[in-house]
Amino acid sequence: MTIHVVGVDVGGTNTDAVLLRIDSHHAPKVITSTKMVTSSDVFSGMLNAVQQVIKGVDVTAIMVGTTHFINALIQRRGLMKVCTIRLCGTATQAVPPMANWPQDLKEIIDGLTVFVAGGYLFDGSEISSLDEEEIRTVVRRALALNICTFCVCGVFSPCRSDQEKRVGEIIREESNTAYITLSHEIAGLSLSERENASILNACLRPLATQTIVALQKALPPNIPFFLTKNSGTLLSAEDAIRWPVFTFVSGPTNSMIGAAYLSGIKNGIVIDVGGTSLDIGVLVDGRPRQTHANVKLTDNIRVNVALADTISVTLGGGTIIHVNEKDESVQIGPDSVGYRLEQEALAFGGQTITCTDIALAAGLTTGIGHTSVKISTSIVQQVLDYIKQLVIKNVDRIKTNSEPVPIILCGGGSILIDTNQSIPDVIQIVRPDHFAVCNAIGAALCSLSTTIDSIVDLFPSSVDGGEQRKNMLDQLTREAYEQCEQHGARPNTIYLAELEETPLAYIPGGHRHRVQLTAIGQLDLNKLKQNKQETQIQKCFVDIKHEVSPNVKPLISINLKEKQPVFDNDGFWCIDAIDIEYIAYGAGILGCGGGGESYHFKLWCLELLREGKYKMRVAPPSFFSSSSDLVVDVGYMGAPTVTHELLSNGHECLDAVNNIEKYLGKKVNAVYSGEIGGSNGLMGLLVSAKKKVPCIDCDSMGRAFPCLTHILPFIHNLPATPACLCDVRDQTFMCTDDMVSTPQELEDTFREECIKRGLYVGVCLPPISGEQLQKHTVHHSLSRAWFLGEAKFNHQIDAIQAVASAGHGRILISDGTVINVERHTTDGFARGHVSIKTAERILIIDFQNENLIARFDNGEIVASVPDLIVLVEQDTAEPLATEVVKYGYRVSVLVLPAPEALTTPHALQYVGLKAFGYDFPDYKYIPSYASIQSVWDVYYKKDFNSQQETKHID
């Protein structure tokens, strides 16, 4: 049976369309293609392109890649107000929906936001039961406000979705025309990011309905059409109405799929060059390598949807070449003539030298324009050398091993790259036929997919020969296959494209894992042809404003440079939003791969400051030096994987402190963070603001470590009680000296309670006096975090080197690629190692929640605890946690010196390598301690100590 399909790619400048012939005996063949300027209304240009390639041929399906919906968000056009319902009970309320969104977008979309009863813990137990009457009241209130679009997001709904589904049923019972988005259908675990993606999806649902209905009417009748997803798979017209967010950035993925088909190469590197940018991606078994790291679809809003892992650089056919007339030196870009190439380039009679002109002058291409291009050989060679070095650098960055690979060139701008040149570790450079319409060809060849994200028990093979593990993974795989077939995939083409197992820390036995798997299969075109009929699509029942909003504002970008701390009349450091950005980044660095991500706690701090009810004030440790001062350290205990989903209710640590005060019968004078590394680095600021007392510029370990036994007060033999924890249900647990007598007993007791309470609790450890504070804490920890952030945000070009210098550390690896990650759980801790390829050798980093030791593959140890070993993304200098780092990540590795208090022989018994089970007789840890400056040392112009006598606190 012979079948014809059409692929379309609607870009910002051009719209491409291709007609493919597919039969069972031959590979798909391009019959015809066209390229035309994208029309202002998008649709007329697209329809013209489709009509040009069809020309009376019987077409089975049309596949379209478009930026229509993300453009609507950018332009604030056609967006609807959303009622956001978070099923969370008492949990997660510290970080509300749409936290840190651009204000103008939030005002357009936020119709009604509510926290209601519901939600689950990691083990499937309820945070609280769903209150159906509460839901009905909310829905009726929204409908009364003329809000017809709903987003429902429940805690741990990807693992257990029944509450979300029931809320969807209730909304439908109240309104048969409402648009409903359920978050478990949008993304996996990570509450805030999944909710963001779901709200973006919800606000576009009416526009998606109207758009798909218009396409259905305009396209030839009775031809099913699909939209391409960000992941390189397909959405039916009906599903595109439900999930427009999946279509936002499918272009790079489509291009790589098209390149794989045209070249016949399944494993290699794809370079797609357009008019203004060059994108480099990796093909693995014919599919684009994916990334989930800090994805931001628009307006700097974080989401957790999968995208193609690409490197984008500013270079394209329209890039302008600036020439210094004195010496003919050149600057390439970054500006571009863009869609005005045919008016401004030399080849078209213009006055601007572009990269296209360089390609013509170098003889790399012909037949473009109508004017002969003459450019000096010196200028041409400089540009060609620049392009070659750019390609060499970025090909090396994106590779994961030293094996030679092929390069496939696509996109109209790929004429800039000479296919005959030699590039290190590249076996061939291919520019296939139809390279200029790769995106449209990739769209026509997209498959179908389904993803499952679940938390299950996976027993080690040593328990029963691996039978239980195999049975569980087989069950999840079958579910994925069945869902993929239900979506329309041909059964015999379905395969498992991705499987990732991440152990949950702190659970005894180490069996509980987060499992993510994706199945992919080819669209069953024969079934489509046999059952071709008009699809009934829901009518759009609301009026949509299509004009661009006159109130569109550019993304507010706070100037994070050249910030200086501000002090009040008492000498306290007054924290503002920029300080929070600095400290949050620094806390991430000091987390050493553990401690939990600081992002959500940063949002919490920013929300608290935005409310204007509380002030965050920081005092130096010297301010509280009396034996009569009572101070406490606070923080959260739990598994980092869980904390991405189960956010704070806003007062777990606060309630723990209040219970300690009640137990002791006296108030605390100040609060500080138990560990500066990771999310807990901001906790002292949050609790002290709520308590209206100062936060002290110190912590108990100067970094992050996995156990309570690693804090200095316990290393120095201070009492282990009284201590208190509080969970997201506001239930507390107090440990007193009649229950535990040692720090290890406290650690064991609190871990057991933490697991019972959902693997996320706030903790207040035993209070200490001001006199003890001077001896048993790491001073100026907040300052150290601040200076790390200050270095990053003030040195965008060489941020990694600046951060290393600010931390008195060194760059161990500047340009590495993660080639392997192995994880397992032992004694409740997430352990494993990361292998990182460098130009010469492989670095292996072992971790136990935090990074512990770095050594090369020849066994040479180059860093170890208690020094801080930190992985950061090469492109952003953002720290990477051990639970999120994946194969293919491009990283640098920093080593920062440990605080002096952790390097004494006594302390090393608790935080040195031997304490974590390592014994290397030939290795000796050598401290490289550097004193930690405080913000008062650098910026405060008065003598703070002279003010201590008054200790006046407003």
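Just so it is clear, the structure is predicted and the values come from calculations on it, not from any experiment. (Residues numbered from 1 in each chain as written. Predicted model: local features only at pLDDT ≥ 70, side-chain atom pairs only at ≥ 80, totals over all residues. Heavy atoms only, no water.)

1. Quick notes on the overall build of the protein chain
A tally of regular secondary structure across the protein chain gives 27 helices and 44 strands. For the protein chain, the C-alpha radius of gyration of 29 Å lies close to 30 Å, the compact-globule estimate for 954 residues. With the C-alpha coordinates aligned to their principal axes, the bounding extent of the protein chain is approximately 90 × 75 × 60 Å. Counting only residues that meet the buried cut, the protein chain has 61% of its 954 residues in that class. (Helix = DSSP H or I, 4+ residues; strand = E, 2+ residues; numbered from the N terminus. Rg over C-alpha atoms; globule rule 2.2 N^0.38 Å. Buried < 20%, exposed > 50% of the residue type's maximum accessible area, 1.4 Å probe, protein only.)

2. Re the UniProt feature "domain: S-Me-THD N-terminal" (unreviewed entry) in the protein chain
Taking the numbering used here, the UniProt-annotated feature "domain: S-Me-THD N-terminal" (unreviewed entry) corresponds to residues 579-735. Secondary structure over residues 579-735 splits into 35% helix and 18% strand, and the C-alpha atoms at its two ends are 35 Å apart. (UniProt positions renumbered as here; feature names shortened; annotations may be inferred.)

3. A closer look at the domain arrangement of the protein chain
Segmentation of the protein chain into domains returns domain 1 (75-212), domain 2 (250-443), domain 3 (446-530), domain 4 (566-783) and domain 5 (808-935). One C-alpha centre belongs to domain 1, the other to domain 5, and the line joining them spans 40 Å. (Domains from an automatic or database assignment.)

4. A look at the environment of Ser 376
Within the secondary structure layout, Ser 376 lies in the loop between helix H10 (355-361) and helix H11 (377-398). A residue is classified by how much of its surface remains accessible, and Ser 376, at 26% relative accessible area, is partly exposed. On a C-alpha basis, the gap between Ser 376 and Pro 921 in space is 64 Å, while along the polypeptide they are 545 residues apart. Engagement of the side chain of Ser 376 in a polar contact is seen with the side chain of Glu 328, the distance being 3.2 Å. (Polar contact = N/O pair within 3.5 Å; in protein donor to acceptor, adjacent residues only side chain to side chain.)

5. A few points about the packing of aromatic side chains
Tallied over the entire structure, the rule returns 19 aromatic pairs. Measuring from centroid to centroid gives 5.4 Å for Phe 601 and Tyr 636, while their planes differ by 85°, and the two rings are edge-to-face. One end of the pair, Phe 601, is in helix H17 (residues 599-611); the other, Tyr 636, is in strand S29 (residues 630-638), and 35 residues separate them in sequence. Of the two residues, Phe 601 and Tyr 636, neither departs from the other in class, the shared state being buried. Plain terms: the ring middles of Phe 623 and Phe 624 are 5.0 Å apart, the flat faces sit at 75° to each other, and that makes the pair edge-to-face. On the basis of relative accessible area, Phe 623 is assigned to the buried category, the value being 2%. The class for Phe 624 is buried, based on a relative accessible area of 2%. (Phe/Tyr/Trp six-rings, centres within 6.5 Å; stacked < 30°, edge-to-face > 60°.)

6. Some points on the environment of Val 634
Within the fold, Val 634 resides in strand S29. Sequence separation of Val 634 and Asp 453 is 181 residues, and the distance between their C-alpha atoms is 32 Å.

7. Things to note about the pairing of strand S11 (residues 268-273)
Within S11, six of the six residues are buried, which leaves the element mostly enclosed by the surrounding structure. Pairing of S11 with strand S12 (residues 278-284) involves six bridges; the strand directions are antiparallel. Across the sheet, Ile 271 pairs through a bridge with Ile 280, a residue of S12. Linking S11 to S12, which pair antiparallel, is a turn of four residues. (Pairing = 2+ DSSP bridges.)

8. Re the sheet that holds strand S1 (residues 3-10)
Spatial strand order, S3-S2-S1-S4-S9-S10: six strands in an open sheet with mixed pairing. The sheet is open, and its two edges are formed by strand S3 (26-37) and strand S10 (234-236), each paired on a single side. Averaged over all adjacent pairs, the angle separating strand axes in this sheet is 25°, with direction ignored. With three bridges connecting them, strand S9 (residues 225-228) and S10 associate as antiparallel partners. Paired with Thr 228 across the strands is Leu 234, a residue of S10. Here helix H8 (residues 251-263) sits on the sheet and contacts S1, S3, strand S4 (61-66) and S9; the angle it forms with S3, its principal contact strand, is near 135°. (Axes fitted to C-alpha atoms, helices over the stretch in contact; angles between N-to-C directions. Contact = heavy atoms within 4.5 Å.)

9. Describing H8
Over its 13 residues, H8 runs 18 Å from end to end, which matches the ideal 18 Å to within 8%, given 1.5 Å per residue. Residues of H8 that are buried include every one of Gly 251, Thr 253, Asn 254, Ser 255, Met 256, Ile 257, Gly 258, Ala 259 and Ala 260, and no others. Phi turns positive one or two residues past the end of H8, at Gly 264, with a value near 75°. (Expected span 1.5 Å × (residues − 1).)

10. Points about unusual backbone geometry
Glycine aside, a negative phi is what most residues show, and trans is what most peptide bonds show. The residue after Thr 721, namely Pro 722, is reached through a cis peptide bond having omega 0°. Positionally, Pro 722 belongs in the loop between helix H21 (712-715) and strand S33 (723-727).

11. Looking at the pattern of salt bridges
On inspection of all chains with the given rule, the structure shows 36 salt bridges. Where Lys 35 meets Asp 16, a salt bridge forms, and the shortest distance between an N and an O atom there is 3.0 Å. One end of the pair, Lys 35, is in strand S3; the other, Asp 16, is in strand S2 (residues 14-23), with 19 residues separating them in the sequence. Relative accessible area serves as the criterion here: at 40%, Lys 35 is assigned to the partly exposed category. Note on Asp 16: relative accessible area 6%, which makes it buried. When the shortest N-O distance is used, the salt bridge between Arg 242 and Asp 239 registers 3.9 Å. Residue Arg 242 and its partner Asp 239 are both found in helix H7 (residues 237-242); the two are separated by three residues, about one turn of the helix. Note on Arg 242: relative accessible area 31%, which makes it partly exposed. Linked by salt bridges that have partners in common, Glu 132, Arg 136, Arg 140, Arg 166, Glu 169, Glu 173 and Glu 174 make up one network. (Salt bridge = Lys/Arg side-chain N within 4 Å of Asp/Glu carboxyl O.)

12. Observations concerning the sheet that holds strand S24 (residues 495-503)
Read across the open sheet, the three strands follow the order S23-S25-S24; overall the sheet is antiparallel. Two strands in the sheet have a free side with no partner beyond their single neighbour: strand S23 (448-457) and S24. Pairs of neighbouring strands in the sheet enclose a mean axial angle of 15°, with direction left out of account. Contacts between helix H14 (residues 467-486) and the sheet are confined to S23, S24 and strand S25 (512-521), with S23 contributing the most and set at about 150° to the helix.

13. Some points on the pairing of strand S6 (residues 110-116)
Two faces belong to every sheet, and in a regular strand the side chains alternate between them. Pairing geometry for strand S5 (residues 82-87) and S6, over six bridges, is parallel. Bridge pairing in S6 places Thr 84 opposite Thr 113. At this point the chain moves from S5, through helix H3 (residues 103-109), to the parallel S6, and the crossover so formed is right-handed. (Right-handed = clockwise from strand over helix to strand, strands pointing away.)

14. Concerning the state of the cysteines
Every disulfide links exactly two cysteines, by a covalent bond between their sulfur atoms. Applying the stated criterion across every chain, the model contains zero disulfides. The thiol sulfur of Cys 605 is not disulfide-bonded, and the nearest other cysteine sulfur, from Cys 695, lies at 9.7 Å. The closest cysteine sulfur to the non-disulfide-bonded Cys 735 is located on Cys 724, 9.0 Å from its own sulfur. Judged by its relative accessible area of 0%, Cys 735 is buried. (Disulfide = S-S within 2.5 Å.)

15. A few points about the nonpolar core
Where a protein is soluble and globular, its nonpolar side chains tend to be buried together. In terms of nonpolar packing, the biggest core is built from 122 residues, with Trp 573, Leu 646, Leu 685, Leu 746 and Phe 750 touching the most fellow members. With eight residues, the top contributor of residues to this core is helix H16 (residues 577-590). Aside from chain neighbours lying at most four places away, what touches Leu 646 is Ala 91, Leu 121, Ile 127, Val 155, Phe 156, Val 728, Gly 758 and Tyr 760. With 56 residues, the next largest nonpolar core counts Met 98, Ala 187, Leu 235 and Val 303 among its residues. (Core = buried A, V, L, I, M, F, W, Y, C linked by side-chain atoms within 4.5 Å.)

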